[in-house]
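Structural overview for review
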Amino acid sequence: MERPSRNKALTMLLVSTFLISLIVLLSKLTPTQSLLPMSSKENNNIAIQDKSTEEEEEQVEISTKPVSDKEWKPKSWGHLDSELEKVVNANLRVSGKDRILLTAVANSGMADYTLNWIASLKKCGLDKKFLVFAIDQEMVDIMTKAGYGRRVALIPSDWFHKELSGGFEEWQSDGYTPITHSKTLVVERLLYAGITVWFSDVDIVFTSSSIYDYLVMKLNSRKARTEVLFSQETEQNLINSGFYLMRPTLLNKRILDSSIYIQDREPKVTQQQAMNRVLNDLNLNFRTSQIALLDLILFPQGRFYFDRQIPTKYNMTPMIVHANYRKGDNKKKDLQKFGLWYI
């Protein structure tokens with residue numbers, strides 16, 4: 001009886017040794033917690049951080065300093081000329097003390113995008129009051145032929161600081177920055193006419209019928225009086241100058257004047273780059289600043305919406321989609337691909 005007992009004990013020892021060795025071997029082969037695949041949320045966070053860094057690097061060095069508080073003086077402009085004022089007044093929305101004008105600036109090279117922008121307004125019930133400022137007469141003719149003669153105005157020639165192209169200008173082309181400059185010049189004139197400017201680039205598509213009410217609520221929701229709502233380029237870092245709501249205050253007049261001052265001296269600087277440079281010197285404390293930011297998921301730029309599809313990942317419907325970061329026909333192709341091309 002003694003021999004079988006010894007054999008049994010030896011077998012159990014060998015089995016135990018084998019199991020312990022197997023466990024040790026598996027523990028070496030199995031990744032630790034830090035090496036396990038990240039959740040989709042963790043992946044998204046890292047992607048956002050990496051992309052933000054990439055976008056920040058695209059900002060150019062700006063040597064011109066904005067005009068200081070002590071040096072800056074408001075301009076003496078007042079009313080627009082009577083004909084233009086009549087067209088503007090016919091397209092104003094009134095909310096409290098705000099006389100709000102939904103407006104865009106475009107040339108004939110952006111006509112298709114402008115008509116698609118208008119079609120998106122129509123789908124959202126916002127097409128009754130808006131005004132496109134045309135850079136060239138051909139754009140006025142295109143709009144008039146399409147039935148929008150009361151929704152277009154030719155920019156007075158004395159508003160420009162240089163002659164502009166009427167063609168489609170790609171991002172970073174020689175003709176691109178002067179066109180972005182013209183947007184600032186138009187908005188500045190409107191502010192001096194006492195108008196709250198709701199500005200939109202025409203490569204933007206409106207996707208929510210509640211957007212106007214939301215923006216008005218957002219404009220009036222803080223204890224500190226909000227003077228401007230900016231869409232964002234990167235989260236809590238860079239503003240996107242393609243979509244904003246701006247009241248006719250001294251602060252906003254100075255922001256625009258300073259960005260114009262920078263662009264006049266450094267022609268390769270875009271409107272957005274100049275505005276971000278000006279904002280660097282201002283109070284952006286979320287409690288006390290007059291400047292507030294719109295949620296990047298609700299108001300996404302092109303990389304955020306088309307490339308990384310951030311709103312979709314979080315099952316959120318944006319209020320606009322901005323087709324920036326697309327060159328040439330890729331703007332139209334991506335809008336078509338995502339069901340946002342309506343003409």
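Being a predicted model, the structure only gives us computed values, none of them experimental. Throughout this document, residue positions are counted from 1 along each chain, in the order its sequence is written. Per-residue local features of the predicted model are confined to residues with pLDDT of at least 70, and side-chain atom pairs are confined, for both listing and counting, to 80 or more; whole-chain, interface and lining totals are unaffected and use all residues. Computation of side-chain values covers all heavy atoms of the structure but excludes hydrogens and water.

A word on the overall build of the protein chain. When helices and strands are counted, the protein chain shows twelve helices and ten strands. In the protein chain, which comprises 343 residues, the share counted as buried stands at 50%. For the protein chain, the share of sequence-separated contacts (at least 6 apart) that also reach a separation of at least 24 residues comes to 71%. Accessible area of the protein chain: about 18,300 Å², with a carbon and sulfur share of 52%. Numbering of helices and strands starts at the N terminus; helices are DSSP runs of H or I of at least 4 residues and strands are runs of E of at least 2. Think of it in three bands: residues with accessible area under 20% of the maximum for their type are buried, residues over 50% are exposed, and the middle band is partly exposed, with areas taken using a 1.4 Å probe on protein chains only. The contact rule is simple, with two residues in contact once any of their heavy atoms fall within 4.5 Å. The protein chains shown are the only cover counted for residues, whose accessible areas, like all others here, come from Shrake-Rupley with a 1.4 Å probe.

Now for the confidence of the model for the protein chain. The predictor attaches a confidence to each residue, called pLDDT, with possible values from 0 through 100. Summarising the model, the protein chain shows a mean pLDDT of 84, and 77% of its residues fall at 70 or more. Confidence drops under a pLDDT of 50 for residues 24–57, and excluding neighbours within four residues, the segment shows 20 contacts in the predicted structure. Taken as a whole, residues 164–176 scores under 50 in pLDDT and shows 29 contacts with residues more than four places along the chain or in a different chain.

The subject of this paragraph is helix α9 (residues 271–279). Counting buried positions along α9 yields nine of nine residues, so the element is predominantly enclosed. For α9, the full list of buried residues reads Q271, Q272, Q273, A274, M275, N276, R277, V278 and L279.

For the rest of this paragraph, the subject is the side chain of T196. Examined against the element boundaries, T196 turns out to sit in strand β5 (residues 196–200). We classify T196 as buried; its relative accessible area is 1%.

With that settled, the discussion passes to unusual backbone geometry. A positive phi angle, close to 50°, is found at Q309, a residue other than glycine. By the secondary structure assignment, Q309 is in the loop between α10 (302–307) and α11 (310–313). Among the residues examined, Q309 registers a relative accessible area of 33% and is labelled partly exposed. Even without being a glycine, Y325 presents a positive backbone phi close to 60°. Mapped onto the elements, Y325 comes out in the loop between β10 (320–322) and α12 (330–337).

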